[in-house]
Amino acid sequence: MNETPNPHIIDADTLTGGFRPIRRVVVALGSNLGDRVANLQGALNAVADTPDLEVVGVSPVYESAAVGGPEGSPDFLNAVVVVDSTLHARTLLERALAIEDAFGRVRTEPGAPRTLDVDLVVVGDKVIEEDDFVLPHPRAHERAFVVLPWASVDADGVIPGQGRVGDLAGEVDTTTITRVHGLELRIE
Ligand SMILES: Nc1ncnc2c1ncn2[C@@H]1O[C@H](COP(=O)(O)OP(=O)(O)OP(=O)(O)O)[C@@H](O)[C@H]1O
Ligand SMILES: Nc1nc2c(c(=O)[nH]1)N=C(CO)CN2
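Residues numbered from 1 in each chain as written. Chains lettered and ligands numbered in written order. Predicted model: local features only at pLDDT ≥ 70, side-chain atom pairs only at ≥ 80, totals over all residues. Heavy atoms only, no water.

## What to know about the site of ligand 1
In the neighbourhood of ligand 1, 15 residues make up the surrounding shell, with Arg-105, Arg-114, Asp-132, Arg-139 and Arg-143 lying closest. One of the side-chain N or O atoms of Arg-139 is found 2.8 Å from an oxygen atom in ligand 1. A distance of 2.6 Å is found between an oxygen atom of ligand 1 and a side-chain nitrogen or oxygen belonging to Arg-143. Burial of ligand 1 by the protein chains amounts to 77% of its free accessible area of 630 Å². Listing elements by their share of the shell around ligand 1, those giving two or more residues are helix H2 (89-102), strand S5 (117-123) and strand S7 (133-135). A class-by-class count of the residues in the shell around ligand 1 yields six nonpolar, two polar and seven charged. (Near = heavy atom within 4 Å. Polar contact = N/O pair within 3.5 Å; in protein donor to acceptor, adjacent residues only side chain to side chain. Areas by Shrake-Rupley, 256 points an atom, 1.4 Å probe, with all protein chains shown as cover. Helix = DSSP H or I, 4+ residues; strand = E, 2+ residues; numbered from the N terminus. Nonpolar A, V, L, I, M, F, W, Y, C, P; charged D, E, K, R; others polar.)

Given below as C-alpha cells:
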C-alpha cells in the first residue's frame with residue numbers, strides 16, 4: 001500500500017483560509033431531569049447563538065420512556081435541531097459539550113438521568129471513528145426519540161450508512177413515544 005497522501009485530494013477540514021463547506025448538521029436534544037422544557041428551550045437558544053451556524057429546522061417535542069439507564073429513570077423530552085454550519089465537526093462537538101455543561105449536566109454513570117444531553121447525530125456525510133467522537137452517532141438510527149422528531153422536520157434527511165430518516169422512522173420501536181402537543185420550541 002502506498003501510504004503517501006495524494007496531494008491532489010484535500011480533506012475540506014484541512015483547508016486554511018477563506019473557504020469551508022457548509023454542512024447540514026443534525027443535533028439531538030434530550031432532558032430527563034429538572035425543568036425539562038426550559039432545558040430544551042435553553043439548549044435551542046444556545047445552539048442558535050453559535051457563530052457560523054444557522055438553524056434551519058426545529059422539531060416538535062417528543063416524550064418517551066428512558067431507553068437504558070438505571071431502573072426507574074424519569075421519562076425524557078427530546079427534540080432535534082437541524083442546522084447548516086461551516087464549523088469543523090470537532091468544534092461542533094466541543095460546543096455541544098459546553099452547552100451540556102452550561103445546563104448543569106453532571107457526568108456520572110452512563111445512562112444516568114441528565115438535565116441536558118446534546119448529541120451530534122450527523123455532520124453532513126462525515127464519518128469519524130475516534131475514541132471520544134463517532135459520526136454518525138452510532139445509536140441514532142435505532143432511536144425513536146431521534147428519528148421521529150428529525151423525520152417530522154426533514155423526512156429526506158440521511159444517516160450515512162443507515163438510510164433515509166423517513167424510512168428509519170417506520171422501522172424503530174415506537175412503543176413509548178408520543179408527540180407533546182401544544183409545546184413548541186422557539187428561538188428567543
Ligand atoms: N456524535 C457524538 N455526539 C455527542 N457526543 C459524542 C459523539 N460521539 C462521541 N461522543 C462522546 O460521548 C461522550 C459521552 O456522551 P454522553 O455521556 O452524552 O453519552 P450518553 O448520552 O450517556 O449515551 P449515548 O452516546 O448513547 O447518547 C461525550 O463526552 C462525547 O465525547
Ligand atoms: N427516551 C430517551 N432515552 C434515552 C435518551 C433520550 O434522549 N431519550 N438518551 C440516552 C443517552 O443519550 C439514553 N436513553
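## Remarks on the UniProt feature "domain: 7,8-dihydro-6-hydroxymethylpterin-pyrophosphokinase" (unreviewed entry) in the protein
With numbering aligned to this structure, UniProt lists the feature "domain: 7,8-dihydro-6-hydroxymethylpterin-pyrophosphokinase" (unreviewed entry) at residues 26-154. Segment residues 26-154 splits into 29% helix and 29% strand. End C-alpha atoms: 10 Å apart. (UniProt positions renumbered as here; feature names shortened; annotations may be inferred.)

## Here's the deal with the site of ligand 2
Residues in contact with ligand 2, as listed here, are Ser-64, Ala-65, Ala-66, Val-67, Phe-76, Asn-78, Arg-114, Asp-117, Asp-119, Arg-143 and Phe-145. Ser-64 is positioned such that a nitrogen or oxygen atom in its side chain is 2.8 Å from a nitrogen atom of ligand 2. Between ligand 2 and the protein, one listed contact pairs an oxygen atom with a side-chain N or O atom of Asp-117 at 2.7 Å. For ligand 2, whose accessible area on its own is 330 Å², the fraction buried by protein is 91%.

## Remarks on the nonpolar core
Nonpolar side chains in soluble globular proteins tend to end up buried together. Judged by nonpolar contacts, the single largest core of 29 residues is most densely connected at Val-81 and Leu-120. Going through the elements one at a time, strand S1 (23-31), helix H1 (36-48), strand S2 (53-58), strand S4 (76-85), H2, S5 and S7 are the ones with two or more residues in this core. Setting aside anything within four residues of it in sequence, one finds Val-81 in contact with Val-25, Val-26, Val-27, Leu-29, Leu-44, Val-47, Val-55 and Gly-57. (Core = buried A, V, L, I, M, F, W, Y, C linked by side-chain atoms within 4.5 Å. Buried < 20%, exposed > 50% of the residue type's maximum accessible area, 1.4 Å probe, protein only. Contact = heavy atoms within 4.5 Å.)

## With respect to the environment of Ala-28
Counting through the fold element by element, Ala-28 comes out in strand S1. The class for Ala-28 is buried, based on a relative accessible area of 8%. Linking Ala-28 and Val-121, residues 93 residues apart in sequence, is a C-alpha distance of 6.5 Å. Ignoring anything within four residues of it in the chain, the contact list for Ala-28 reads Ala-79, Val-80, Asp-117, Val-118, Asp-119, Val-121 and Val-146.

## Let's talk about unusual backbone geometry
Residue Leu-135 is joined to Pro-136 through a cis peptide bond whose omega torsion reads -15°. Here Pro-136 is to be found in the loop between S7 and helix H3 (144-153). At Asp-52, a position not held by glycine, the phi torsion is positive, near 65°. Here Asp-52 is to be found in the loop between H1 and S2.

## Structural notes on H3
Along an α-helix, a turn takes 3.6 residues, which lines up residues three or four apart on a common side. With respect to burial, H3 is a largely interior element, eight of its 10 residues being buried. Residues of H3 that are buried include every one of Ala-144, Phe-145, Val-146, Val-147, Leu-148, Pro-149, Trp-150 and Ala-151, and no others. On its buried side, H3 packs onto S1, strand S3 (62-64), S4, S5, strand S8 (158-159) and helix H4 (165-168).

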